[in-house]
Every structure is written in C-alpha cells, then in structure tokens.
Amino acid sequence: MKYLFKIITIFLICSSANASTILVPMDETQKNHLKAYGVAYWVLENDVVMEWLLNYRGGSFLFPHSQLIEEELVIKGVSYQILPDQKVKQIKSKIADPEVNMEVVQLETAPKLAVYTPQGKQPWDDAVTMVLTYAEIPYDEIYDSAVVMGVLPEYDWLHLHHEDFTGQYGKFYKNYHTQSWYQKQVRDNEQMAQKLGFEKVSELKLNVALRMKEFVSGGGFLFTMCSGTDSYDIALAAQNTDICEHMYDHDPSEPNYQAKLDFAQTFAFKDFTIEKDPMVYEYSDIDGTKDHRLPENQDKFFLFEFSAKWDIVPTMLCQNHTMEIDGFMGQTTDFRKEFIKPEVLIMGENKAMGTARYIHGEYGEGTWTFYGGHDPEDYKHFVGDPPTDLNLHPNSPGYRLILNNILFPAAKKKKRKT
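Notes on the structure in this doc start here. (Residues numbered from 1 in each chain as written. Predicted model: local features only at pLDDT ≥ 70, side-chain atom pairs only at ≥ 80, totals over all residues. Heavy atoms only, no water.)

Once that is clear, we can look at unusual backbone geometry. Even without being a glycine, asparagine 256 presents a positive backbone phi close to 60 degrees. Mapped onto the elements of the fold, asparagine 256 is located in the loop between helix H11 (246–249) and strand E10 (300–303). Note on asparagine 256: relative accessible area 54%, which makes it exposed. In this model, aspartate 271 sits at a positive phi of 60 degrees, which is unusual for a non-glycine residue. Looking at the secondary structure, you find aspartate 271 in the loop between H11 and E10. (Helix = DSSP H or I, 4+ residues; strand = E, 2+ residues; numbered from the N terminus. Buried < 20%, exposed > 50% of the residue type's maximum accessible area, 1.4 Å probe, protein only.)

This is the structure:
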C-alpha cells in the first residue's frame, strides 16, 4: 500500500501541465554522489521515468518535479536544483548539438538485483553489497542451491560476491587453513555440493558458472570484482579438466591440465597460464597485482572517454566527476592486457603498467563487466579488516563505477529471454 500511494501521488504531481524539473548534478558540486544513485533507483522503483544526462555535469539526473522526490533528496542529503522548463530545454539543446559529446538516456524500469553470496559472515566484505546498502538500493542474496535450482531468470542483474569459481577456496590454504572460518567454508561447500548431487565443490562451482553464463546469454547483466573476475573465466576454461590439488578436492590435479584449457569458453581472457603451486596466493598470470610497486599516492587508473551519441553503453558505465581514480588492491587487482581478448572493451586502464582495471563485453543477448580490485576506498584491504564506512566517502569515484552498472540495465528496453 505504501508504494501504491507513492506511485499514485508521484504520477499525479508529475503529470501537472506546469511541472518543473529536478536536476541532480553529479559533478564536484554534488554532496553525496552515492546516495543520488539510490534516489534514482527509488524513482524508477516507483514507476517514474527519469533521464540520465550523459557527460553533462558528471552524468547528472533529471527527475520530473514532485514534492515526494524532493523530500527524498533532502532526506538523503543529495544536492539538487529546481529548473524551469525553459532552462531544461536549453540544457537539452546543448546536449543535442552533434559537436558536443553528451547524450540524454531515458531510464524506465528499476532492474531486479541479485547478489551471489554465501550465508553468514565472511572475514572480508564486499564493495558492491556495501554500496548498495549505503545507497539503500534493494537486492536479494542467492547462492549455489538457488542458482542450481534455476532462480537466475527471475533477475535482471547479478553480482558475484568475492568468490572462487575454481573450487580452490581462494587459494587461502597456506595462510588460513587452520582458521575456523576457512574450515567452516570448506565444510559448508562440501556439504552443499553433496546435497546438490556433485562429487566435488569444483564441479558444483562449474555448474554455477555455466548457469551464470546462460543467464548472460539470455539477456542478463553480470558484474563482478576482484577474484570473481579471473576465477570465473578460469573455471570456464578448465571445465574439461581438473586443476585442483588434493588439499582442495581430495585428489591430485589432472596431468598437463594447462594444455587442456579451452579459452573459447571464457568471457574476457585468453592464453593465460594457471599458477600450479597450490600454496601460492594467485590463480594465474592474468592478475597484475605484483606489478603495483608504486607508492600508494601514485597508483592511479584512468577512464576512457567514449562517444556519448554512438557508444552509449560504455559512456553510461564510465559516468563520473573525474577520469582519474585512485588505485586499490585486491586478490585480483587488475588485468594484464596481453591476456585480454581483442573483442573486449577496456574502459579503464593503468597505461604505465600495461593493465586494464575496468572491462566490458557482450555475450549472447546480455553483457558482463569485470572491475579489478577489492575496495575502492581501502588501498590494501586484508582478510579480517573492518569494512569501509561509506559515510566518509559519499563522493567516491571508484564506487560510482559500481553504481553506474546498477542503472545501466534500466536503459535497456528489450525484454530478457529466459
């Protein structure tokens, strides 16, 4: 009833013949960029169409004016302006100029979000769930059993929480196998695999990865960070061989498994070499973590500028108030370019290191986006460290990239295939 009342009220107010417009600037004048995305999602959730002004003042939002929307902006501490119709026409006229790299995108429907994450507290946090919670954007938590039972077609957008799809438990064995949280993780995963009819955890994780691939092929949007990126592609490449040593799946790996990798199955990466030592905290040579020998204050990556009128998707995904973003580490920090497939779109890079931080591609009817690193506001986030307080980082450009991926599906007008 509460949402029904809001929908009716907002519709009536926004339908006024003399309605003005609310501009939410997303440049340096914005007090809380992250909460602004939450308001945008809330507006879409209430069936109100809004507009995203790509490259105009950092990717600003336009809402039809209503008291309820204005109240929501005030409550969330989001900067906004009330514009008369004539001013809005001037802005749109400027954007429409073919010589100006700007565009107006209409957002229509709030995507239904799922986060693939285990139950219970983990000794690490997840940037995506933290920023969704901070921005007050609702999402469902799902895990292996739900995926295997076929729940993915119910959702539009899927995030892969910090995960190891190879079945090697993040390769944490050397440093953490005596820790209670690690032992519990192994027990829980092995019990789940048996319950769902799989002999090994690696077989369960592969099944989950393949179902996620089907989700993307059918029109879904997949997003992941840190080790959810390369471990996912490695699992797809290794689907016809066994790369896990005995401490991970109770038997040795298959001899010469490197030669049996099928790079045609992956989304992003090719020709990589798997790290064979089970005691090394690394999956393969895709990851560029070891290349980051710069002082923290010099570790930056840069977003590419795309044509807003012709390359709308990467333009949406790169909306920000700065093109220079502070680097941050992770188990998978970024991706060495020599292992990225030529058709993959690189949207953010560390040119000096020859690494890509932020990449995107299409598969079937859907898309995927990989974002390297663990926490955009914690340069070196270790296991057991406390979560970042986003109240201290309301204007984080690194976190904005995550939220761009939340709004991106709202601009997709074709229906998903199931």
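Turning to the sheet that holds strand E4 (residues 81–83), a few remarks are in order. Ordered in space as E4-E1-E3-E2-E5, the five strands form an open sheet in which the pairing is antiparallel. Where the open sheet ends on each side, the last strands, each with one partner, are E4 and strand E5 (103–107). Strand-to-strand twist in this sheet, taken as the mean axis angle between neighbours without regard to direction, amounts to 30 degrees. Pairing of strand E2 (residues 50–54) with E5, which is carried by five bridges, proceeds in the antiparallel orientation. Directly across from glutamate 51, in E5, lies its bridge partner glutamine 106. (Pairing = 2+ DSSP bridges. Axes fitted to C-alpha atoms, helices over the stretch in contact; angles between N-to-C directions.)

Applying the stated criterion to the full structure yields 16 salt bridges. Between arginine 57 and aspartate 27 there is a salt bridge whose closest N-O contact spans 2.8 Å. Highlighted residues: arginine 57 in the loop between E2 and strand E3 (60–64) and aspartate 27 in the loop between strand E1 (21–24) and helix H2 (33–45), separated in sequence by 30 residues. Under the relative-accessibility criterion, arginine 57 is labelled partly exposed at 27%. Assessed through its relative accessible area of 12%, aspartate 27 is described here as buried. Linking lysine 337 and glutamate 349 is a salt bridge whose minimum nitrogen-to-oxygen distance equals 2.2 Å. Here glutamate 349 lies in strand E13 (residues 345–350) and lysine 337 lies in the loop between strand E12 (335–336) and E13, a separation of twelve residues in the sequence. Each of Lys35, Glu72, Lys76 and Glu136 takes part in one network of salt bridges that share partners. (Salt bridge = Lys/Arg side-chain N within 4 Å of Asp/Glu carboxyl O.)

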